[in-house]
Every structure is written in structure tokens, then in C-alpha cells.
Amino acid sequence: AKEAGGNTYRFFRQEMLERTTRRLTLEMDLRRAISNNELELHYQPKIDLASNTVTGVEALLRWRHPTRGMQAPGEFIPLAEENALICDIGAWVIGEACRQTAIWRAQGLDLKVAINISARQLETGDLYQQLCALAHQRGIPPSSLELELTESALMKNPEGVTGLLNQFRQAGVRIAVDDFGTGYSSLAYLRRLPIDILKIDRSFVLDAIADEDDAQIIKTILALGQSLKLAVVAEGVESESQAALLKASGCDQAQGYLYAKPLPGDDIEAWLTQHTH
Ligand code: C2E
Ligand code: CA
Ligand code: CA
Ligand code: CA
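Cut-offs applied
Residues numbered from 1 in each chain as written. Chains lettered and ligands numbered in written order. Predicted model: local features only at pLDDT ≥ 70, side-chain atom pairs only at ≥ 80, totals over all residues. Heavy atoms only, no water. Phe/Tyr/Trp six-rings, centres within 6.5 Å; stacked < 30°, edge-to-face > 60°. Helix = DSSP H or I, 4+ residues; strand = E, 2+ residues; numbered from the N terminus. Buried < 20%, exposed > 50% of the residue type's maximum accessible area, 1.4 Å probe, protein only. Lys NZ or Arg CZ within 6 Å of the ring centre and 35° of its normal. Expected span 1.5 Å × (residues − 1). Contact = heavy atoms within 4.5 Å. Polar contact = N/O pair within 3.5 Å; in protein donor to acceptor, adjacent residues only side chain to side chain. Salt bridge = Lys/Arg side-chain N within 4 Å of Asp/Glu carboxyl O.

Per an unreviewed UniProt entry, the protein chain is named cyclic-guanylate-specific phosphodiesterase, and its organism is Marinobacterium lacunae.

A. Region of the structure containing the packing of aromatic side chains. Per the counting criterion, the structure on display carries three aromatic pairs. Between Trp63 and Phe76, the aromatic rings sit 5.3 Å apart at their centres with planes inclined by 80 degrees, giving edge-to-face as the arrangement. Pair noted here: Trp63 is in strand 2 (residues 53-65) and Phe76 is in the loop between strand 3 (69-71) and helix 2 (77-81), with a separation of 13 residues, a long-range link. On the accessibility criterion, Phe76 (0% relative accessible area) is buried. With a centroid separation of 5.3 Å and 70 degrees between ring planes, the pair formed by Tyr128 and Phe168 is classed as edge-to-face. In this pair, Tyr128 sits in helix 5 (residues 127-137) while Phe168 sits in helix 7 (residues 158-170), placing the two residues 40 residues apart along the sequence. Between Arg68 and the ring centre of Trp63, over which it is positioned, the NZ or CZ distance is 5.7 Å. Directly above the aromatic system of Tyr257 lies the positively charged group of Lys261, at a separation of 4.6 Å from the ring centroid.

B. View of helix 10 (residues 212-227). For helix 10, with 16 residues, the first-to-last C-alpha span of 23 Å sits near the 22 Å given by 1.5 Å per residue. Within the sequence span of helix 10, burial applies to Asp214, Ala215, Ile218, Ile221, Leu222, Leu224 and Gly225. As for helix 10, its buried residues are in contact with strand 6 (174-180), helix 8 (187-192), strand 7 (197-200), helix 9 (202-207), strand 8 (231-234) and helix 11 (240-248). One side-chain oxygen at the N-terminal end of helix 10 lies 2.8 Å from the backbone nitrogen of Asp213; it belongs to Asp211. Note on helix 10: the residue one or two positions beyond its end, Lys229, has a positive phi of about 55 degrees.

C. Spotlight on the pattern of salt bridges. All told, the structure shown has 16 salt bridges when counted by the stated rule. For Glu148, the salt bridge is made with Lys199, and the minimal N-O distance between the two is 2.9 Å. One end of the pair, Glu148, is in strand 5 (residues 145-150); the other, Lys199, is in strand 7, and 51 residues separate them in sequence. For Glu148, a relative accessible area of 1% gives the class buried.

Below is the structure:
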């Protein structure tokens, strides 16, 4: 019995050691990725369902890892969010989105670019100044950007973020509540927060055709959006039938593989020429 206990102990120690090593390696890799220009933003169009026009794009982070290939944010954002690394990455994302926005504007494309912001970035205190400085550096108005904050990030400390959101609001930066429906929003807070857009989480869209409950949740979110005078965007739209259901239910905008996967910045102009007239 003593020996078995010893083995178990050794096993856990080994496992912990491996996990720690993996984390530290990933963290070092990721720090290097920023300075080595291995990070990229891809952009996914948002479509206005009534007019079938593009209203803007969402910037989604990618990591072109030298040996492991293209990494989706799910592979590294959660780790980065555990420490201050997400703030360095977040600053890079804002700067890069500004750079791309300036290029598009020079081409005559006035695209609103939505950026995903982590809870930790809201807590750093200088997010507003940071965004304004980076926008100014590229000669674009802050109002060409939009911020996507998850419902759970906002509801962590709704009173604490209100001042910051108001600053953005006054600069014309619209605020979207991401993954809406998956958290536990208090209606009282939702009504008071200076927000502009609700993004219906992909999970509800996924089953909306087959599952009456999910279709009902979508309708409830749309009604809520209407009564709070918020625009509603559905994410993860993959089929015509989902798009039709959303449109019939009064949803304003949609985003998903049906229209486009996230594309490198250079490819967006070509996509737009093909898809708009
Ligand atoms: P999100 O903000 O909810 O982004 C939507 C995710 O759904 C993206 O995954 C997008 O590629 C994917 N998607 C879009 N349309 C469809 C569809 O029709 N079907 C399916 N199956 N998926 C679709 P992605 O790019 O892997 O990003 C995952 C999450 O990582 C994002 O979820 C966001 O929370 C986070 N993220 C991405 N970029 C950033 C960033 O720059 N900063 C921060 N803090 N988080 C980011
Ligand atoms: Ca998002
Ligand atoms: Ca989302
Ligand atoms: Ca999501």
C-alpha cells in the first residue's frame, strides 16, 4: 500500500511538472510571438439582414506558430488571460486593428472594426487612453472601432466598468455584449450599462432550427434588444434556414460561415467587391 501511494504521488508530481512545463513553454512562446510578428488578425464580415449589406467586420486573433501552424485563439487566449500577457496581446490587437482600418480607409472602405476585449483589459485602467493613442497614431477616429465584451466580463463588475464604457461611448466607440445568453445578466444592469449591441451566442443559433427552446431564446433576446433599443447580431450563422429564421424573427445583423469565414485583411477588399454591388 505504501508503495502504491508513493507511485500515485510520483505520478501526480510528474503530471504537475509536465503541465507546468507546457504552460511555461507556451507563455514564453507567446511572448516571443508578439515580438516576432507571429500574431495576425483575421476579419469576419457582419451582414445587415434587411439590406444584405456589410455593416462592419470583427477582428479575430490568429497565431501563425513557426512549427505548430495556425493556432486559433482557443489554444492560447485562456492561458494569456491567466496573467498580464493578455494585456500585451490586447494592446497589439488594438494597434493592428487600427493599422488595418487606416489601410481600408485609404482605399475608400469605411468599415467598422470590432475588437474582442478581455475582462482583464477592462481592469487595467488605461484602456481608453491606450485605444485613443493607437487610433491617433494611425490617423483614424476611435469611432471606427467597436468593442466586444463578453456578458460575463461585463457582469463581473458592472458598476466598475460603467465609467469606462461611458468614455468610449462619448468618443463614438460602440459597445457590444458578446456571447449574450450564456452568462447571467441582471436586467437592471443591462438597462443601465451604456451598451449598443447584443450578440446572440453561437450555441443558440446552432440549434435554432431543430430546437424550439433555442428558437424561443433567440426571440426573447430579440424582444429584449428591442425594448432596450439595442441592435442585435446573431453569430455562427451557417445555413440559409438559420438566416431566414433570424430575419423573420426581426434580427438586425448576422455573422457566420454562411457569409464568410474570418479572412486575412488583404482578402477582405476582394470579398467585398464580390459580395456587394
Ligand atoms: P467570439 O468573439 O465569440 O468569436 C466568434 C468565434 O466563432 C470565432 O472563433 C469565429 O471564427 C467563430 N465563428 C464565426 N462564424 C462561425 C460559424 O458560422 N460557425 C462556427 N462554428 N464558428 C464560427 P475564433 O476566431 O476561434 O475565436 C474564438 C474566441 O476567441 C472568440 O469568440 C473570442 O472570445 C476569442 N478571441 C478572438 N480574438 C480575440 C482577441 O483579439 N482578443 C481576445 N481577448 N479574445 C479573442
Ligand atoms: Ca466576439
Ligand atoms: Ca461571441
Ligand atoms: Ca463565443
